[in-house]
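# Fold and geometry: a report
Now for the letters of each chain:
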Amino acid sequence: FNLTFFYYFGGLLQFMLVAKSNLIRKLILETKEADLTRLDLSDIPGGIETFEKAAKFCYGVNFEITVHNVVALRCAAEYLQMTDKYCDNNLAGRTEDFLSQVALKSLSGTLVVLKSCEGEPLAEDLNIVQRCVEIASAKACVEANFPSRSPPNWWTEELTILDIKFFEKIIKSMKLRGAKGLTLASAIITYTERSLRDLVRDHSGNGIKSLDSGESDTKTRQRKLLESIVALLPSETTAFPVNFLCCLLRTAIYLKADNSCKNELEKRISLILEHVTVDDLLVLSFTYDGERLFDLESVRRIISGFVEKEKNVAIFNAGDLREVCSIPMQRVAKTVDSYLGEIATYLELSISKFNGIANLVPKAARKVDDDLYRAVDIYLKAHPNLDEIEREKVCSVLDPLKLSHDARVHASQNKRLPVQIVLHALYFDQLKLRSGGDDHMVPDALATRNQLQADVSLVKENEALRTELLKMKMYITDIQKTQGSSSSSSSSKGLVRKPTFFSSMSKTLGKFNPFKHGSKDTLNLDDGGVDITKPRRRRFSIS
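Here the structure is a predicted model, which means the values were calculated and not measured.

Procedures and definitions
Residues numbered from 1 in each chain as written. Predicted model: local features only at pLDDT ≥ 70, side-chain atom pairs only at ≥ 80, totals over all residues. Heavy atoms only, no water. Helix = DSSP H or I, 4+ residues; strand = E, 2+ residues; numbered from the N terminus. Buried < 20%, exposed > 50% of the residue type's maximum accessible area, 1.4 Å probe, protein only. Contact = heavy atoms within 4.5 Å. Areas by Shrake-Rupley, 256 points an atom, 1.4 Å probe, with all protein chains shown as cover. 1 Å grid on protein atoms, 1.4 Å probe; cavity = no way out; pocket = protein on both sides within 12 Å on 5 of 7 lines; lining within 4 Å. Points joined across faces, edges and corners; volume = space filled by probe spheres on them. Nonpolar A, V, L, I, M, F, W, Y, C, P; charged D, E, K, R; others polar. Axes fitted to C-alpha atoms, helices over the stretch in contact; angles between N-to-C directions. Parallel < 35°, antiparallel > 145°, perpendicular 65-115°, else oblique. Left-handed = near helix turned anticlockwise from the far one by under 90°. Expected span 1.5 Å × (residues − 1). Arc of directions from axis to C-beta. Salt bridge = Lys/Arg side-chain N within 4 Å of Asp/Glu carboxyl O. pLDDT = per-residue confidence, 0-100. Lys, Arg positive; Asp, Glu negative; His and termini not counted. Phe/Tyr/Trp six-rings, centres within 6.5 Å; stacked < 30°, edge-to-face > 60°. Disulfide = S-S within 2.5 Å.

## Some details on the overall build of the protein chain
A count of helical and extended segments in the protein chain gives 25 helices and two strands. The buried share among the 543 residues of the protein chain stands at 42%. Partitioning the intrachain contacts of the protein chain with sequence separation of at least 6 by distance along the chain shows that 72% fall at a separation of at least 24. On the protein chain, roughly 30,700 Å² of surface is accessible, and the fraction owed to carbon and sulfur atoms is 53%.

## Focus: the environment of V313
Topologically, V313 is positioned in helix 17 (residues 297–316). It is 9.5 Å that separates the C-alpha atoms of V313 and S326, two residues lying 13 residues apart in sequence.

## A few points about empty space enclosed by the protein
Enumeration over the complete set of coordinates arrives at two cavities of 30 Å³ or more. Lining the largest cavity are L273, V276, L281, I303, V332, T335 and V336. Looking at the lining of the largest cavity element by element, the count peaks at three residues for helix 18 (residues 327–343). Here the residues of the lining of the largest cavity sort into six nonpolar, one polar and no charged. No other element matches the four residues that helix 3 (residues 47–59) contributes to the lining of the second largest cavity.

## Looking at the packing of helix 16 (residues 278–285) against helix 18
Two quantities define a packed helix pair, namely the angle between the axes and the distance from one axis to the other. Running from N to C, helix 16 and helix 18 point in directions that differ by 50°, and their axes come no closer than 9 Å. Between helix 16 and helix 18, the angle falls in the class oblique. Regarding helix 16 and helix 18, the two cross each other, and that crossing is right-handed. Where helix 16 approaches helix 18, its residues V278, L281, L282 and S285 are matched on the opposing element by T335, S338, Y339, E342 and I343.

## Let's talk about helix 3
Here helix 3 is 13 residues long and its end C-alpha atoms lie 19 Å apart, about the 18 Å a rise of 1.5 Å per residue gives. When we look at burial in helix 3, the residues that qualify are G47, T50, F51, A54, A55, F57 and C58. Take helix 3 and look down its axis: the buried residues cluster within an arc of 155°, on one side only. Phi turns positive one or two residues past the end of helix 3, at G60, with a value near 85°.

## Some thoughts on the pattern of salt bridges
Here the structure, examined in full by the defined rule, presents 14 salt bridges. Measuring nitrogen to oxygen at the nearest pair gives 2.6 Å for the salt bridge that ties R194 to E157. Pair noted here: R194 is in helix 11 (residues 181–195) and E157 is in helix 9 (residues 154–159), with a separation of 37 residues, a long-range link. Here K334 ties to D371 by a salt bridge, and the two come within 2.9 Å at their closest N and O atoms. In this pair, K334 is assigned in helix 18 and D371 in helix 20 (residues 370–382), connecting sequence segments 37 residues apart. On the basis of relative accessible area, D371 is assigned to the partly exposed category, the value being 25%. Salt bridges here are not isolated pairs; linked through shared partners, they connect R74, E78, E96 and R131.

## Some remarks on the packing of helix 19 (residues 351–358) against helix 21 (residues 388–395)
Axis separation between helix 19 and helix 21 bottoms out at 9 Å; the angle between their running directions is 20°. The angle between the axes of helix 19 and helix 21 places the two elements in the roughly parallel class. Like other packed secondary-structure pairs, helix 19 and helix 21 cross with a definite hand, here left-handed. Contacts from I351, F354 and N355 of helix 19 reach helix 21 at E390, K393 and V394. Among the residues forming the contact of helix 19 with helix 21, the class breakdown is three nonpolar, one polar and two charged.

## Details of helix 19
The buried count for helix 19 comes to six of eight residues, which makes it a mostly enclosed element. The complete set of buried residues in helix 19 reads I351, F354, N355, G356, I357 and A358.

## Some words on the environment of D163
Tracing the chain through its elements places D163 in the loop between helix 9 and helix 10 (164–176). Through-space distance from the C-alpha of D163 to that of S195 is 9.5 Å; in sequence the pair is 32 residues apart.

## Section: the confidence of the model for the protein chain
Looking at the protein chain, pLDDT values average 81 and 74% of them are 70 or higher. Contacts of residues 512–543 to residues separated by more than four positions or lying in other chains number 34 contacts, the stretch itself having pLDDT below 50.

## Thoughts on the side chain of K262
Locating K262 in the fold gives a position in helix 15 (residues 259–271). Of the side chains with opposite charge, E266 lies nearest to the buried K262, which makes no salt bridge, at 6.7 Å. When sequence neighbours within four positions are dropped, the list of residues in contact with K262 reads L249, A252, I253 and A257.

## Thoughts on the packing of aromatic side chains
For the coordinates displayed, the defined rule picks out four aromatic pairs. Ring plane angle 10° and centroid distance 4.0 Å describe the contact between F167 and Y191, whose orientation is recorded as stacked. Here the residue F167 occupies a position in helix 10, and Y191 occupies one in helix 11, the gap between them amounting to 24 residues. Assessed through its relative accessible area of 1%, F167 is described here as buried. Here F240 and F244 contribute two aromatic rings whose centre-to-centre distance is 5.8 Å and whose plane-to-plane angle is 15°, an arrangement assigned as stacked.

## Some points on the state of the cysteines
Summed over all chains, the structure comprises zero disulfides. Considering cysteine sulfurs only, C58 is the nearest to C87, which forms no disulfide, with 8.6 Å between them. With no disulfide of its own, C247 lies 7.1 Å from the sulfur of C246, the closest cysteine sulfur. A relative accessible area of 1% means that C247 is categorised as buried.

## Considerations on unusual backbone geometry
Between S150 and P151 the backbone carries a cis peptide bond, its omega angle lying at -5°. Position of P151 among the secondary structure elements: in the loop between helix 8 (128–145) and helix 9. The backbone of Q81 shows a phi angle near 60°, a positive value even though the residue is not glycine. Its place among the elements puts Q81 in the loop between helix 4 (70–79) and helix 5 (91–101). By relative accessible area, which is 19% here, Q81 ends up buried.

Listed below in structure tokens is the structure:
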């Protein structure tokens, strides 16, 4: 705005302004105008309202100094050079007294004063900002340890009025004063939930459909705010609830935050992944409206980071993650399997992504594969158009030998499963029956798995032979029809014995006999004698 101060020469008015403001005195002395009627004070801090109060102070008119206007008045006094150097008990001294004796005596007053410093460059030069930050951080630390009112964390709500720049200064000052990680986390969580309310606090996604999906000034401001908040997080891994970190990461993905911001959040979540619930992972996986999947790469990196950490721990303890898994690893495996069951219904979830997440968990981490089997079954049911090979790929993450009895019974009757998985389940149950139902009497997994693979291969070979025999039967039928027509045409030449069906089949099978080297077919014996080679034994069924 343009502020033009109308300066009237005349007696007392002229004397009071010049006496208290050295700036106005210099402007009057330096002007070359014969008849001065205006002074340009357009850049005075606080604008026209602050100047009016400064003028009232010069004229002796009463007005109120508050925590809301004291900073503007102090900066205006500095700008107008209304200090005690030029006049005793001037405006600068009065405002300084108010700051030290009233405004900065309480945490609430200090924070209001600090907020009013926004947009006032002189406040930094006059050390008002630094004074407010030090006093506010000291009082916040005291309140965190010895609350003076209820609720105990009331002081965190007070901090939410600040701009992120000043909030950052207070958090850093509290760190220097030795504030605990949980204390800092409490302040950061409250500030984040207030400043990014729609993005962080609503975990369900209800009411978020109206959020702008494109780029906007609001989204840019929110992205910068989030990145600043993540940079403030204390180093303690257990300072923040894992669901809060998951909400922050989802917000970072939605706002397309910097990779360093997302990587920091992923790292923090992976360190405490054993405390993550299925709902927390679902928060990461879906858009705010819950209608489609986000990119699942963040979930993959989080699980991979946790597994890598567990491997390092196992190596440090001279163990082997493939043989023995920790309790946290087993807990994460159960969570991941349940999570897969939740997202398996979405059509955009490809086989590679489904298997990729399932295979991140070591096999030894699953005592039983029932939860994983449930996820696989849900996926097959939600994707009915998969062919046999694709269904086998989905089921490749399963170990049928680690299914419970109820799961094996279900699998043996599940038409969605490939035949190989069904055979595995049935064969394992048969082994248990032979061993008297004792799991410890069942042969080791490797030998059982090898036997199963051999039996499955044999079943496939039998199927191929059955198909060949069917083709042969059709071929014989065609030959019979041909022979029937030729015999009827040659009946005029003489009486010819009509071949029976069995004699024709025997002769034809003799010509196309597939069972070489040991066949017991004696229709067409060579003159050289009978081949008495011992026939090769072949199993055509599973015992």
